[in-house]
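Tertiary structure, described
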Amino acid sequence: MGEISVRLTRLLSRHPLPECVLLPGREPRVRDGHDSGAFVELGSLTKVLTGTALVRMARAGLLEVDAPVERVLPQAPASGISLRHLMEHTSGLPRLPPGLSGPRSDPYRDFTPAALGQLLERLDRIGERPPGREEYSNFGYAVLGAALAAAAGAPYPELVREHVLEPLGLADEVTAAPPTGLTLRARTRAGAERTPWTMDGAILPAGGMWGTPRALAALVRALLVEEVLGEPAPTWQTAGRLRWHNGATRDASAFAGAFPDTGEWVVVHRLGGAPGDTDRRGVALLSGAGQPTGG
């Protein structure tokens, strides 16, 4: 891991990217224009909010984690898929929504709630394999978000706010609609802000939320280390002692992880570059093999 960290540090020094690193007991370390208080794309770290909302709603008696999808979304035929399958990526559904028609520069633009509704009507025929085997699915989380909204009788952003963000005191720093002028986005070579993907439609529960890096750090501490809301949702990935999740859009990537037994945690957010480098950066820092750069 030490050699990986050295190579990664050299790579980053040659090709600097806006980066924010947050670690326990230290001030946020930012470089090249990043800002720990600006709203950034969270990508698939949104799924942590969705899974936590499912668990919280189940504890409140609003639904059952093992309920079949059709019990919550009556337009869906019986498929053998439960809400747990969706949360744990074992639904057998494809990674992406079938028939995405948006341009390559904005693939989820046309994946509207109406488009999702049409797919739900043939959910029993969309699966690529029977439920049970793990296969990462953004589409599955879009279905899960729709199910939660139906059970809550409220839009996805509202139910996440009520069941996750407000109990953690983070409702003002995590949102589907970031305040104008307070977002941080990647820039072109000419310095103009790049337009992010459209992810406030049906794909929102899978990867469309925005938040500040400092709010993401508070989320990691609260959910993984302090377990303020109880046992963490199975949305979090595990690798030995490590619990983690990452997220990426076209222009942003993030890694969040913790060793809950020792209380160590890390959040890394970067604009541009390869998401895999962000993951390696986070793992190296968490293991103690890397050091935050910049200032």
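Residues numbered from 1 in each chain as written. Predicted model: local features only at pLDDT ≥ 70, side-chain atom pairs only at ≥ 80, totals over all residues. Heavy atoms only, no water.

Some details on the confidence of the model for the chain
Mean pLDDT over the chain: 92, with 93% of residues reaching 70 or higher. Low pLDDT (under 50) marks residues 1-14, which in the prediction has 18 contacts with non-local residues, meaning those over four places away or in another chain. (pLDDT = per-residue confidence, 0-100. Contact = heavy atoms within 4.5 Å.)

Observations concerning the sheet that holds strand 3 (residues 40-41)
Taken in spatial order, the three strands make up an open sheet running 3-5-4, and their pairing is antiparallel. Bordering the open sheet on either side are strand 3 and strand 4 (174-175), each of which pairs with just one other strand. Of the strand pairs in this sheet, strand 4 and strand 5 (residues 210-211) are connected by two bridges, and their pairing is antiparallel. Along strand 5, the bridge assignment pairs V174 with G211. (Pairing = 2+ DSSP bridges. Helix = DSSP H or I, 4+ residues; strand = E, 2+ residues; numbered from the N terminus.)

Topic: the packing of helix 2 (residues 46-59) against helix 8 (residues 156-168)
Look at helix 2 against helix 8: their axes get within 9 Å of each other, and the N-to-C directions meet at 80 degrees. The angle between helix 2 and helix 8 falls in the class roughly perpendicular. Of helix 8, the residues touching helix 2 (which contributes T46, L49, T50, T52, A53, R56 and M57) are Y156, L159, V160, H163, V164, L165 and P167. (Axes fitted to C-alpha atoms, helices over the stretch in contact; angles between N-to-C directions. Parallel < 35°, antiparallel > 145°, perpendicular 65-115°, else oblique.)

Some remarks on helix 8
For helix 8, with 13 residues, the first-to-last C-alpha span of 17 Å sits near the 18 Å given by 1.5 Å per residue. In the structure, helix 8 departs most strongly from a straight axis at E162, where the bend amounts to approximately 45 degrees. Within the sequence span of helix 8, burial applies to Y156, L159, V160, H163, V164, L165 and L168. Summarising the contacts, the buried residues of helix 8 are in contact with helix 2, helix 7 (138-152), strand 4, helix 9 (204-207) and helix 10 (213-225). Looking at the residues trailing helix 8, positive phi occurs at G169, about 70 degrees. (Expected span 1.5 Å × (residues − 1). Bend = angle between axes of the 7 residues up to and from the residue. Buried < 20%, exposed > 50% of the residue type's maximum accessible area, 1.4 Å probe, protein only.)

Focus: the pairing of strand 7 (residues 242-248)
Here strand 6 (residues 237-239) runs beside strand 7; their pairing, made up of three bridges, is antiparallel. Pairing of T238 across the sheet is with R243, part of strand 7. Linking two consecutive strands that pair antiparallel, namely strand 6 and strand 7, is a turn of two residues; a positive phi of about 65 degrees is found at G240 within it. Here strand 7 runs beside strand 8 (residues 252-259); their pairing, made up of six bridges, is antiparallel. Considered in strand 8, the bridge of R243 is made with A258. Counted between consecutive antiparallel strands, the loop separating strand 7 from strand 8 contains three residues.

Side note on the pairing of strand 9 (residues 264-271)
Within strand 9, seven of the eight residues are buried, which leaves it mostly tucked inside the rest of the structure. Across eight bridges, strand 8 lies against strand 9 in antiparallel orientation. Pairing of A254 across the sheet is with H269, part of strand 9. Between strand 8 and strand 9, which pair antiparallel and follow one another directly, the connecting turn spans four residues, one of which, G263, has a positive phi of 85 degrees.

Some thoughts on the nonpolar core
The biggest cluster of nonpolar side chains holds 77 residues, and the ones touching the most others in it are L49, V69, L83, F111, F139 and V143. Counting residues per element, this core draws most heavily on helix 10, which supplies nine residues. Those residues in contact with F111, other than ones at most four positions away along the chain, are P97, L100, L116, L119, F139, A142, G201, A202 and I203. By size, the runner-up hydrophobic cluster in this structure holds nine residues, among which are L242, F255, V266 and L286. (Core = buried A, V, L, I, M, F, W, Y, C linked by side-chain atoms within 4.5 Å.)

Some thoughts on the side chain of D251
Of note, D251 is situated in the loop between strand 7 and strand 8. The exposure class of D251 is buried, given its relative accessible area of 10%. With near-sequence residues (within four places) excluded, D251 lies in contact with A186, R194, T195, R270, L271 and G272.

Focus: unusual backbone geometry
At H89, a position not held by glycine, the phi torsion is positive, near 60 degrees. Following the sequence through the fold, H89 ends up in the loop between helix 4 (83-87) and helix 5 (113-120). Here H89 falls in the buried class, since its relative accessible area comes to 3%. Backbone geometry at E227 places phi at a positive 50 degrees, although glycine is not the residue there.

Details of the side chain of S82
Structurally, the position occupied by S82 is in the loop between helix 3 (69-72) and helix 4. Take S82: its relative accessible area is 8%, and that puts it in the buried class. If we skip the residues at most four places from it in the chain, S82 touches D66, A67, P68 and V69.

Here we look at helix 5
Among the residues of helix 5, those classed as buried are A115, L116, G117, L119 and L120. Taken together, the buried residues of helix 5 touch helix 6 (123-126) and helix 7.

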